[in-house]
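Fold and geometry: a report
These are the residues of each chain, in order.
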Amino acid sequence: RYTPAPRRKEMPARHPDLQDISGTEHRTGFFMAALVALQLAGALGAVYFKLPIVAWFPISYLLGAVVSHALYVLIHDCVHNLAHSSADLNRALIILGNSVHVFPSGILFRHYHLIHHREMNDNVQDPDVPAHWEANLVQNSAPMKAFWMAFYSIFQSARTVTCDYKSPLTKPADAAWIALNYVVNFGLLGVLTYATKSYVPALYLLVASMASVGFHPLGARWIQEHYPTLPFQATYSYYGPLNWLMFNVGFHNEHHDFPTVPWSRLPQVKDKAPEYYNSLFAHYSYTKLLADFIVNPQWDLMLRRTKKVEDLADSKPEQVSTDAAKKVL
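I will try to describe carefully the structure that is included in this document. (Residues numbered from 1 in each chain as written. Predicted model: local features only at pLDDT ≥ 70, side-chain atom pairs only at ≥ 80, totals over all residues. Heavy atoms only, no water.)

Enumeration over the complete set of coordinates arrives at seven salt bridges. Between Lys-272 and Asp-17 there is a salt bridge, with its nearest N and O atoms 3.2 Å apart. Highlighted residues: Lys-272 in helix H13 (residues 266-272) and Asp-17 in the loop between helix H1 (7-14) and helix H2 (27-48), separated in sequence by 255 residues. For Lys-272, a relative accessible area of 24% gives the class partly exposed. The partner of Arg-159 in a salt bridge is Glu-134, with the nearest N and O atoms 2.7 Å apart. Of this pair, Arg-159 sits in helix H8 (residues 152-159) while Glu-134 sits in helix H6 (residues 132-138), and the two are 25 residues apart along the sequence. (Salt bridge = Lys/Arg side-chain N within 4 Å of Asp/Glu carboxyl O. Helix = DSSP H or I, 4+ residues; strand = E, 2+ residues; numbered from the N terminus. Buried < 20%, exposed > 50% of the residue type's maximum accessible area, 1.4 Å probe, protein only.)

This is the structure in structure tokens:
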């Protein structure tokens, strides 16, 4: 089981006001509904305006992916019951946000993500760590890393089959929510296809969904959060401008330290306790990170399993200043 960093125990004593920012963010549900409506408008607009694939595909990839990613972030908050005090209402919001992602993965993500928090960086228990077959397949090959990023959502789903933890279907209540998730997602696809007599809405949503967690600047978030660089840390934050578009999910060290703080107040964790975060490595550019991950052979998927950061540089891992951290990648 994952042992939190020592700062997690020290910070509440030194900064008791951190407890004041925990709780729920009721605006999450409204943002989620608005983003679902916006994504559906894009999917239906592609048909209404009779856009050819050369027009709707880049719109879906560039803009639809931003909306899709934002929904994934809000789903993440609902996983931690931060949208409402009711766990069932949070589950319902997860299904709402996931409805335009094509794949009915929302409730399953809830199950596996909570395991990730408990078992972080465990090669067997943590579903966020690439499986051995997966890391061995990709290794540090640039073409394979690009392929892996493009189909990250599929690889992530496939690895859950080989990881060692309880199935989410063991509890009837959880199985019922998963079934509802499937009914809503596939039901919406059926309605869209029947109403428009076209597969374009479904394809628009599919491209946006896969791009948002794949070969896209925002897809670099999945590298940023836990893939080791120098110096080695269990988690890494991103403090670049895209936090404005993704509900502060870049504040990942802060999230793992205080998972009961919602997206709207995560920056306050760093503001209230800067001495704990300013010395940590942080990313500032997703585009640079994505490009470096693909072309630099030092980025090897096996490092996520072995966590041998000595392979990334000649010097040993050590805490560095924020300015120095910016120069590492």
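More follows now that the structure is in view.
Counting residues in hydrophobic clusters, the biggest one holds 56 residues, and the most contacted among them are Trp-148, Ile-223 and Phe-293. In terms of residues, this core owes the most to one element, helix H3 (residues 53-79), which gives 10 residues. Counting residues in each nonpolar core, the second largest holds 14 residues, with Tyr-239, Val-269, Ala-273 and Leu-280 among its members. (Core = buried A, V, L, I, M, F, W, Y, C linked by side-chain atoms within 4.5 Å.)

The subject of this paragraph is the packing of H2 against H3. Relative orientation of the contacting elements H2 and H3 amounts to 160 degrees, with a least axis distance of 10 Å. Considering their axes alone, H2 and H3 lie roughly antiparallel with respect to each other. The hand of the H2/H3 crossing is left-handed. Where H2 approaches H3, its residues Thr-28, Phe-31, Met-32, Leu-35, Val-36, Leu-38, Gln-39 and Ala-46 are matched on the opposing element by Trp-56, Gly-64, Val-67, Ser-68, Ala-70, Leu-71, Leu-74, Ile-75 and Cys-78. Taken together, the residues of the contact of H2 with H3 break down into 13 nonpolar, four polar and no charged. (Axes fitted to C-alpha atoms, helices over the stretch in contact; angles between N-to-C directions. Parallel < 35°, antiparallel > 145°, perpendicular 65-115°, else oblique. Left-handed = near helix turned anticlockwise from the far one by under 90°. Contact = heavy atoms within 4.5 Å. Nonpolar A, V, L, I, M, F, W, Y, C, P; charged D, E, K, R; others polar.)

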